[in-house]
Each structure stands twice: as C-alpha cells, then as structure tokens.
2 protein chains.
Amino acid sequence: MTLVMVKRTERELGTRDRMVAGAADLVRMHGVHAAGIRQVVAHADAPRGSVQHHFPGGKDQLIAEAVAWAGRHTEEALRKADPGELIPRVCGYWRKSLQDTDFLAGCTVFAAAVDGSDPVRAAIVTAVAGWREALVAKLSGVPEPNRLATVILTAVEGAILLARAQRSVAPLDDVEAELSFLLAARTTRPA
Amino acid sequence: MTLVMVKRTERELGTRDRMVAGAADLVRMHGVHAAGIRQVVAHADAPRGSVQHHFPGGKDQLIAEAVAWAGRHTEEALRKADPGELIPRVCGYWRKSLQDTDFLAGCTVFAAAVDGSDPVRAAIVTAVAGWREALVAKLSGVPEPNRLATVILTAVEGAILLARAQRSVAPLDDVEAELSFLLAARTTRPA
C-alpha cells in the first residue's frame, strides 16, 4: 500500500473511513503523538466537526480504530499466504510496503505500541492475536505453533523498524533467511 | 534500570548528562514526539537556557545523543553476556527492564525509529551496528553470524513492543525459546 494508493483509494471512502485510514497512515509514518485530531482532519480532508460526530471517544477511539483497520489489512494478507511460502510472503509484503513509501512508513500496529493509550493497547493486542491465529493456521505440524508465530511477527516488526532507520530492506532479508531456516528446522525436529 | 533508579542516578550526573538520560527515558516511555525540549528540561530539572548551551543542534541533537547513550547501555550489557547464555541473558535483561517499569518503558533506540529525524536515524543505525558487533562476537562458529544477530535483535525488539502492549513478558518468553532453538540448530547445522 503506497501513500499514493492510499490517497487514491480515499476518494472512494466515506468521511469516517477516510479519517480511520488517514489516522493509520499518520501513525505508521510518525507515531501516535503526531496523529492529532487536527492532522487527521487535514489529512482526510474532512470537516472539523466530523471527528466528534464519528468518534465520540475522541482521539483514543480514532487511533484504536486505525490500529484495528491496519491490523485487519495485514491479517488478510497473512491469511492469503501459501503455507509453503509463508515467510517469503510476509517479508515480501513488508519489503514492498517499505520501498513503496520510500521507507517513510512502517506498521501502524507496532508504531502505536510506542505511545498508545489503553484503548490503543487493547486494539494492538486484538490485532496481533488475529495475526498469530492466521500464522498458526499456516503452521500445521509444527510444534508450539503459537511460539513460532510470535517470533515470526516480532522479528518481522523489529526488522520493519530497523529497515526504516537504515533506509534499506536488508534487515528483512536477514530475518527472512533466519526465519525460513527456523521454520524448516522446527518442521523436521520437535521442540 | 527502573525509573526510580534513573531518578536516583540523575542526582550524581551533571546537567548535560541528566538531560540526555532524561530524554532517553521520555523516548522509551512515550516516543520522540513526546520528548520535547520543555519536557526534557522539566524531567531533568534543568535550567531552560541550558538546552541551547549544551545542545546547539536543538532537539535533534539531544534525541540523537539520548539514542546513542541508551544504545551504549544495551551494548555494554550484551558484551558482558556469557556466550553460552546469550539468548536467556538478552531476554532476561529486557524482561527485568519491562517489569521494573511496570511495562511503561521499552527500548529508547527502537522507540525512536517510529518518528526520528535524520540525525536520530543515524544514531539508531550506529547503536544497532554496535549491538550486532557485540552479538556476533558471542556467535563464534555459527554460520552467517551477522544474519543471526539481526534476527536476535529484531525479534527481541518486536517482543519488547508487544510485551508493552500486552503488559506481559510472554512475548519475550516465546522469543527466548525460539531463538534458543534457532541458535542451537545453527550451531549444529550449517546455513
């Protein structure tokens, strides 16, 4: 999902959806703190009063919904992946996302973990539980699939942050190679 | 390092060092955006004018130095680890740090990756290069030690963020188990 693509898609969305997508975009580029009501309104080209109308819980609700929205987006991509190509597909998805945004945007869900409020934290936990479930569904026959799913998603998320700092997909290449080795080793040898 | 410990240690530091440590503390709790000059001055109990005196490069310089300071702190801990206990020591270090701060504070270096400026990004890259070197020094005999070091540090960093969201060290437990398995498998089988 490039920034340009987000902009294009936004035209087809209603004001509320545009604000959620816009907030997700701001969080993955600059963190929760930067995604203020004013910035989201400007980014989504929405009328000022629409925030209180659509999000009576204020910024917390808006950011929590943005995290949930981004989480579902990633979960759908995970569910579509071929089990035999799980690691390359996950890493490839993020490599493309980073390159498409010139390394300016990472993952909304984990970016929000740095300074999210309690409702935002709850949305993060729910999103990650969905990813873990999607990953576990692809890991049949592997012992401790939950544990392996956790290391896959944490390593990929750490690599996304490092890739942004380095302006390079090299961390994702490294993580892809090591996670592929780990998955193969886990498949042939019990925990 | 608990927040209480930081406060206590600060008394023995000069104003400049107190501001660097204070900025690191604010970033690992709330991100770069929240670590404004005013907040750092208040947190470090420093005179307002001291910021321009000590950090002519302004907030960017202050945050970059905070990242470098936190990076060195973690690198020292890595260098002290027994190679045979590398993974448990790294995970144990962060488990303790998270529990000591009631899951309010994560890693300054990776928290800064969400919304850091170019000087901050450069400090992150330098800090991580130091960690990677410290890890590689413990991974003798392992093929592709740089690659393994990258997956260790990215998985641990992702787990720190997830642990904060979940208010639980469970992600670090999972990552410790899988990384220990991976290291053992890498030691006995070539890449």
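Everything that follows concerns the structure shown earlier in this document.
These figures come from a predicted structure and were not determined experimentally. (Residues numbered from 1 in each chain as written. Chains lettered and ligands numbered in written order. Predicted model: local features only at pLDDT ≥ 70, side-chain atom pairs only at ≥ 80, totals over all residues.)

*Asks:* Outline the relation of the copies chain B and chain A, supporting the account with residue identities and numerical values.
*Replies:* With an RMSD of 0.0 Å, the fit of chain B onto chain A corresponds to turning through 180° and sliding 0.0 Å along the axis. Here the symmetry operator amounts to a two-fold rotation axis. For chain B, the smallest separation between a C-alpha atom and the rotation axis is recorded for B:A155, amounting to 1.8 Å. Of the interface residues in chain B, 100% have counterparts in chain A that sit at the interface too, so the contact is made through matching surfaces. (Least-squares fit on C-alpha atoms with pLDDT ≥ 70 in both. Contact = placed C-beta atoms within 7 Å.)

*Asks:* So what's going on with helix 5 (residues 58-80) of chain B? Residues and values would help.
*Replies:* Residues and elements named next belong to chain B. In this model, helix 5 (23 residues) spans 34 Å end to end at C-alpha, consistent with the 33 Å of a helix rising 1.5 Å per residue. Of the positions making up helix 5, those classed as buried are L62, I63, A64, E65, A66, V67, A68, A70, G71, T74, E75 and L78. Where helix 5 is buried, its residues meet helix 2 (15-30), helix 3 (37-43), helix 6 (86-100), helix 7 (108-111) and helix 8 (118-136). (Helix = DSSP H or I, 4+ residues; strand = E, 2+ residues; numbered from the N terminus. Expected span 1.5 Å × (residues − 1). Buried ≥ 20, exposed ≤ 12 C-beta atoms within 10 Å, placed from the backbone.)

*Asks:* Got a sec to walk through the interface of chain B and chain A? Specific residues and values, please.
*Replies:* Facing 38 residues of chain B, the contacting portion of chain A comprises 38 residues. For the side of chain B that touches chain A, the secondary-structure elements that each account for two or more residues are helix 7, helix 8, helix 9 (145-166) and helix 10 (170-188) of chain B. Looking at the side of chain B that touches chain A residue by residue, the classes come out as 24 nonpolar, 7 polar and 7 charged. (Nonpolar A, V, L, I, M, F, W, Y, C, P; charged D, E, K, R; others polar.)

*Asks:* Report on unusual backbone geometry, specifying residues and quantitative values.
*Replies:* Residue and element names in this part refer to chain A. Here D102, not a glycine, exhibits a phi torsion of approximately 55°, which is positive. Of note, D102 is situated in the loop between helix 6 (86-100) and helix 7 (108-111). Positive phi outside glycine occurs at F103, with the angle close to 65°.

*Asks:* Which residues make up the packing of helix 9 (residues 145-166) of chain A against helix 9 of chain B, and what values go with them?
*Replies:* For the pair helix 9 of chain A and helix 9 of chain B, the least separation of the axes is 7 Å and the interaxial angle reads 100°. In terms of axis orientation, helix 9 of chain A runs roughly perpendicular to helix 9 of chain B. Here helix 9 of chain A contributes A:V151, A:L153, A:T154, A:A155, A:E157, A:G158, A:A159, A:L161 and A:L162 to the contact with helix 9 of chain B, which in turn contributes B:V151, B:L153, B:T154, B:A155, B:E157, B:G158, B:A159, B:L161 and B:L162. Among the residues making up the contact of helix 9 of chain A with helix 9 of chain B, the classes are represented as 12 nonpolar, 4 polar and 2 charged. (Axes fitted to C-alpha atoms, helices over the stretch in contact; angles between N-to-C directions. Parallel < 35°, antiparallel > 145°, perpendicular 65-115°, else oblique.)

*Asks:* Which residues make up the packing of helix 9 of chain B against helix 10 of chain B, and what values go with them?
*Replies:* All names here are of chain B. Two elements in contact, helix 9 and helix 10, have axes separated by 8 Å at closest approach and are oriented at 165°. In terms of their interaxial angle, helix 9 and helix 10 are classed as roughly antiparallel. For the element pair helix 9 and helix 10, the recorded crossing hand is right-handed. Residues L148, I152, A155, V156, A159, L162, A163 and Q166 of helix 9 pack against A170, P171, L172, V175, L179 and R186 of helix 10. Of the residues contributing to the contact of helix 9 with helix 10, the split by class is 12 nonpolar, 1 polar and 1 charged. (Left-handed = near helix turned anticlockwise from the far one by under 90°.)

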